[in-house]
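Geometric and topological summary
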Amino acid sequence: MKAALHAVTAPALPAYVASGNECALFEHAWRHQLPVLLKGPTGCGKTRFVAHMAARLELPLHTVACHDDLTAADLTGRHLLRGGDTVWSDGPLTRAVREGGICYLDEVVEARKDVTVVLHPLTDDRRILPLERIGEELAAPNSFMLVVSYNPGYQTLLKALKPSTRQRFVAIEFGFLPPEQEIAVVAAESGLSPERVRPLVGLAGRLRALKGHDLEEGVSTRLVVYCATLIAAGMPLADAVLAGMIEPLTDDADVKAALLDVARAMIG
């Protein structure tokens, strides 16, 4: 199975609102060839941050969306039949090492365990990628950077990043923005006025407080943007909140009803 790959050099700087010193930390890590681990809840801006930093540093960005069936061979490459001949085809990680730039493995814990083994030689002072199938060993150029992300809230015994792997990375923890900053981001992304966004962000904060009780995950900033976009397009408030901030969180009818009660109490 082929990995999902997008390789772009962004001409413009993707919008991103920093909540701390993450931009400076990321830039220092790149300049000193240090791998970076981003951890935080779904939809809090990890992927947008990587795109922002790639454009800011003027680097190609190779993004791989990790999944249950992603193997080491999907990343490094494999032999394929072409026109009756067997030829080697580089995987996305191999192409990123050859070309330089940032290779971003999104939700790395979703991949199979052999993936982390392939990453280890790239995350220490060797900075190499052994390609045993073709007898080649690639040395990563100074412009290459490995970035991985995961959501600690979804960790289980079967899907957890081992300490021996985590300790190979500089780690940056992400969370949701303070309310005023989140209001500004949602307003800019959706086109809805800050005054109308404010109650949506307040509701999102209230629903996030329920994480670990009735919900596995809180409302992401992404969902708040979706909801605000629907409202800006003319959808009634109640319908937009249901579709954008309630339905994506749960399939349990009782929990959904309780969330709707919270929403009605806060925004009418």
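Below you will find a few notes about this structure.

The rules behind each value
- Residues numbered from 1 in each chain as written.
- Predicted model: local features only at pLDDT ≥ 70, side-chain atom pairs only at ≥ 80, totals over all residues.
- Heavy atoms only, no water.
- Helix = DSSP H or I, 4+ residues; strand = E, 2+ residues; numbered from the N terminus.
- Contact = heavy atoms within 4.5 Å.
- Lys, Arg positive; Asp, Glu negative; His and termini not counted.
- Charge placed at Lys NZ, Arg CZ, Asp CG, Glu CD.
- Patch = residues over 30% accessible without salt bridge, like charges linked within 9 Å, V, L, I, M, F, W, Y side chains within 5 Å.
- Areas by Shrake-Rupley, 256 points an atom, 1.4 Å probe, with all protein chains shown as cover.
- Salt bridge = Lys/Arg side-chain N within 4 Å of Asp/Glu carboxyl O.
- Buried < 20%, exposed > 50% of the residue type's maximum accessible area, 1.4 Å probe, protein only.
- Arc of directions from axis to C-beta.
- Expected span 1.5 Å × (residues − 1).
- Polar contact = N/O pair within 3.5 Å; in protein donor to acceptor, adjacent residues only side chain to side chain.
- Pairing = 2+ DSSP bridges.

Let us look at the overall build of the protein. In terms of helices and strands, the protein carries eleven helices and ten strands. Judged by the C-alpha coordinates and their principal axes, the protein covers about 65 × 40 × 35 Å. Sequence separation of 24 or more characterises 72% of the internal contacts of the protein that already satisfy a separation of 6 or more. The distance from the centre of the 27 positive side-chain charges to the centre of the 32 negative ones in the protein is 3 Å.

This part takes up a negative patch on the surface. Residues Asp214, Asp251, Asp252 and Asp254 make up a contiguous surface patch of negative charge. With respect to the helices and strands, the residue Asp254 is situated in helix H11 (residues 253–267).

The tally for this structure, following the rule as stated, stands at twelve salt bridges. We note a salt bridge from Arg98 to Glu136, for which the minimum N-O separation is 3.2 Å. Here Glu136 lies in strand E8 (residues 136–139) and Arg98 lies in helix H4 (residues 92–99), a separation of 38 residues in the sequence. Taking relative accessible area as the criterion, Arg98 reaches 39% and is therefore assigned partly exposed. When its relative accessible area of 29% is taken as the criterion, Glu136 is described as partly exposed. We note a salt bridge from Arg264 to Asp261, for which the minimum N-O separation is 3.1 Å. Of the two residues, Arg264 and Asp261 both sit in helix H11, three residues apart, roughly one turn of that helix. One connected set of salt bridges, linked through shared partners, spans Glu27, Arg31 and Arg56.

This part takes up helix H1 (residues 22–31). Note on helix geometry: an α-helix contains 3.6 residues per turn, so any two residues three or four positions apart are oriented the same way. Of the residues making up H1, those classed as buried are Glu22, Cys23, Phe26, Ala29 and Trp30. The buried residues of H1 occupy an angular sector of 130° when projected down its axis, which confines them to one face. Against the buried residues of H1 lie strand E2 (36–39), helix H2 (46–56), strand E6 (101–106), strand E9 (144–150) and strand E10 (170–173). A positive backbone phi angle near 55° is found at Gln33, which sits one or two residues after H1.

Before going further, it helps to examine H11. With 15 residues, H11 should reach 21 Å at 1.5 Å per residue; the first-to-last C-alpha distance of 21 Å fits that figure. Within the span of H11, buried status applies to Val255, Lys256, Leu259, Val262, Ala263 and Ile267. Buried positions in H11, seen along its axis, are confined to an arc of 120° and lie on one side of it. Turned more than 90 degrees away from the buried face of H11 sit Ala253, Asp254 and Ala265, all of them exposed. On its buried face, H11 is in contact with helix H8 (194–208) and helix H10 (237–246). Two to three positions downstream of the cap, the backbone nitrogen of Asp254 sits 2.9 Å from a side-chain oxygen, assigning the N-cap of H11 to Asp252.

Most of strand E3 (residues 61–65) sits inside the fold, with four of its five residues counted as buried. For E3 and E6, the ladder comprises five bridges, and the chain directions are parallel. Note that in E6 the partner of Ala65 across the bridge is Asp106.

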